[in-house]
Amino acid sequence: MSATTLPTPIAHHEDRIGLRGNLRHIGALVRRNLLWIRQDPESMFDAVLMPIIFCLLFVFVFGGSIAGKGQQHEYVNYVVPGLMAMMGMNIAMGVGTGFNQDFQTGVMDRFRSLPIARFSVLIAKITVEIGRMLVAVAVLLTVGFILGLSVSNVPGLFAAVGLAMVFGSGIMWIFLTMGVVMKNAQAIQGMGMLVLMPLQFGSSIFAPTDTMPGWLQAFTDYNPLSSLADAARGLMNGGQPVGHDVLVTLVWSVVLTAVMAPIALHKFRTKS
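Residues numbered from 1 in each chain as written. Predicted model: local features only at pLDDT ≥ 70, side-chain atom pairs only at ≥ 80, totals over all residues. Heavy atoms only, no water.

Participant: Can you tell me about the overall build of the chain, naming the residues and giving the values?
Facilitator: Within the chain, the regular secondary structure consists of 10 helices and 0 strands. Tracing the chain from N to C terminus, the helices and strands come up as α-α-α-α-α-α-α-α-α-α. Taken over C-alpha atoms, the radius of gyration comes to 21 Å for the chain, in line with the 19 Å a tight globule of 272 residues would show. Expressed along its principal axes, the backbone C-alpha trace of the chain runs to roughly 80 × 40 × 35 Å. Counting only residues that meet the buried cut, the chain has 46% of its 272 residues in that class. Counting only contacts in the chain whose residues sit at least 6 apart along the sequence, the fraction spanning at least 24 positions is 79%. For the chain, the exposed area adds up to about 13,600 Å²; of that, 67% sits on carbon and sulfur atoms. Both charge centroids of the chain, one from 17 positive and one from 13 negative side chains, sit 14 Å from each other. (Helix = DSSP H or I, 4+ residues; strand = E, 2+ residues; numbered from the N terminus. Rg over C-alpha atoms; globule rule 2.2 N^0.38 Å. Buried < 20%, exposed > 50% of the residue type's maximum accessible area, 1.4 Å probe, protein only. Contact = heavy atoms within 4.5 Å. Areas by Shrake-Rupley, 256 points an atom, 1.4 Å probe, with all protein chains shown as cover. Lys, Arg positive; Asp, Glu negative; His and termini not counted. Charge placed at Lys NZ, Arg CZ, Asp CG, Glu CD.)

Participant: Give me the lowdown on the packing of helix 6 (residues 154-181) against helix 7 (residues 185-201), citing residues and values where you can.
Facilitator: Two packed helices can be described by the angle between their axes and the distance between those axes. The interhelical angle for the contact between helix 6 and helix 7, taken along N-to-C directions, is 150°, at an axis separation of 10 Å. By the angle between their axes, helix 6 is roughly antiparallel relative to helix 7. Where helix 6 crosses over helix 7, the handedness of that crossing is right-handed. Residue-level contacts link Phe 175, Met 178 and Gly 179 of helix 6 to Ile 188, Met 191, Gly 192 and Leu 196 of helix 7. (Axes fitted to C-alpha atoms, helices over the stretch in contact; angles between N-to-C directions. Parallel < 35°, antiparallel > 145°, perpendicular 65-115°, else oblique. Left-handed = near helix turned anticlockwise from the far one by under 90°.)

Participant: Describe the confidence of the model for the chain, and please don't skip the residues or the numbers.
Facilitator: Overall, the prediction assigns the chain a mean pLDDT of 83, with 90% of residues at 70 or greater. Note that residues 1-12 has pLDDT below 50 and, in this model, 10 contacts with residues that lie over four places away or in other chains. (pLDDT = per-residue confidence, 0-100.)

Participant: Residue-level account of a nonpolar patch on the surface, with values.
Facilitator: A cluster of nonpolar residues, Phe 45, Val 48, Leu 49, Ile 53, Leu 57, Val 61, Phe 62, Ile 66 and Val 135, forms a patch on the protein surface that exposes about 730 Å² of accessible area. The element best represented in the nonpolar patch is helix 2 (residues 45-67), accounting for 8 residues. Tracing the sequence through the fold places Ile 66 in helix 2. (Patch = residues over 30% accessible without salt bridge, like charges linked within 9 Å, V, L, I, M, F, W, Y side chains within 5 Å. Salt bridge = Lys/Arg side-chain N within 4 Å of Asp/Glu carboxyl O.)

Participant: Provide a residue-level description of helix 10 (residues 243-270), including the pertinent values.
Facilitator: With 28 residues, helix 10 should cover 40 Å at 1.5 Å per step; its first-to-last C-alpha distance of 41 Å lies within 8% of that length. If you look at helix 10, its biggest bend is around 30°, right at Met 260, and the proline Pro 262 turns up within four residues after that. Along helix 10, the residues that are buried comprise Asp 245, Val 248, Thr 249, Ser 253, Leu 256, Met 260, Ala 261, Ala 264, Leu 265 and Phe 268. (Expected span 1.5 Å × (residues − 1). Bend = angle between axes of the 7 residues up to and from the residue.)

Participant: Account for the packing of aromatic side chains, with residues named and values stated.
Facilitator: Applying the stated criterion to the full structure yields 4 aromatic pairs. Note on Phe 58 and Phe 206: the rings are 4.3 Å apart at their centroids and 10° apart in plane angle, and the pair reads as stacked. In this pair, Phe 58 is assigned in helix 2 and Phe 206 in the loop between helix 7 and helix 8 (214-222), connecting sequence segments 148 residues apart. In this pair, the class of Phe 58 matches that of Phe 206, namely buried. (Phe/Tyr/Trp six-rings, centres within 6.5 Å; stacked < 30°, edge-to-face > 60°.)

Participant: Give a description of the nonpolar core that names residues and reports values.
Facilitator: Counting residues in hydrophobic clusters, the biggest one holds 75 residues, and the most contacted among them are Met 84, Phe 99 and Leu 141. With 17 residues, helix 3 (residues 72-104) is the largest single contributor of residues to this core. Beyond its immediate chain neighbours, meaning those up to four positions away, Leu 141 contacts Val 80, Met 84, Leu 149, Leu 157, Val 161 and Met 236. (Core = buried A, V, L, I, M, F, W, Y, C linked by side-chain atoms within 4.5 Å.)

Participant: Provide a residue-level description of the pattern of salt bridges, including the pertinent values.
Facilitator: This model, assessed by the stated rule, comprises 3 salt bridges. Among the salt bridges present, the one from Asp 46 reaches Arg 132, with a minimum N-O distance of 2.8 Å. Placement of the pair is Asp 46 in helix 2 and Arg 132 in helix 5 (residues 118-146), with a sequence separation of 86 residues. Under the relative-accessibility criterion, Asp 46 is labelled partly exposed at 26%. Taking the shortest distance from any N to any O, the salt bridge between Arg 233 and Asp 230 comes out at 2.8 Å.

Participant: Run through the side chain of Gln 200, naming residues and quoting values.
Facilitator: Tracing the sequence through the fold places Gln 200 in helix 7. Excluding residues within four positions of it along the chain, Gln 200 makes contact with Met 86, Met 89, Asn 90, Ile 205, Phe 206 and Leu 225.

See below:
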């Protein structure tokens, strides 16, 4: 076949699809992912059951030790905003495993053969996972209110949820990249736990940091999960300035997205 009759590579069409076309493709891919969840409702178990289990576990197992015997209701107000940050991290890990499984089954090869912008596949995945995060946070807050969670600033509650979504979306780009470059979902889960465990427990999510050793306090000061948890508490119930923590969380979110999104897109385009 001569060079003049070769089909134009699909990558050349990406810049000519236009905004409306890209939005239409993203919408179609979001619908595809939602239909997949409908066909496989077990994929929502982590978003629905994990908030219930963690909230009950930490309130009734650790609440008495941290807040004092019989004072679990006070610990609810401390730990639920922190668990909002934790939900984003755990849902984000599921993004990478699901993305990797789509590669293993050949779904992504089909998507990459279509005349659509490559980033539309990634954006659709992020959009659906943010929806799953909202479900997880809604379940968490429902359990928290049943256990006695009090919120003195309702607009602040919505701001805290939004902040958790923004940070969670930034973390998702890391796991999307892992979903492309790592060989299987088990490897992603193993690597994810190695990263998530120190970040989650070396933070102010579950307990105040003032009783921790100095070297660990230094780590928590730079841990974005501490900033997100403290910001959520301040937004929901006041009592502490939140400007610095909100700014730190937003900066982390922007940096993670700016650095990891291009890498994820490049790896997705070049994966053989």
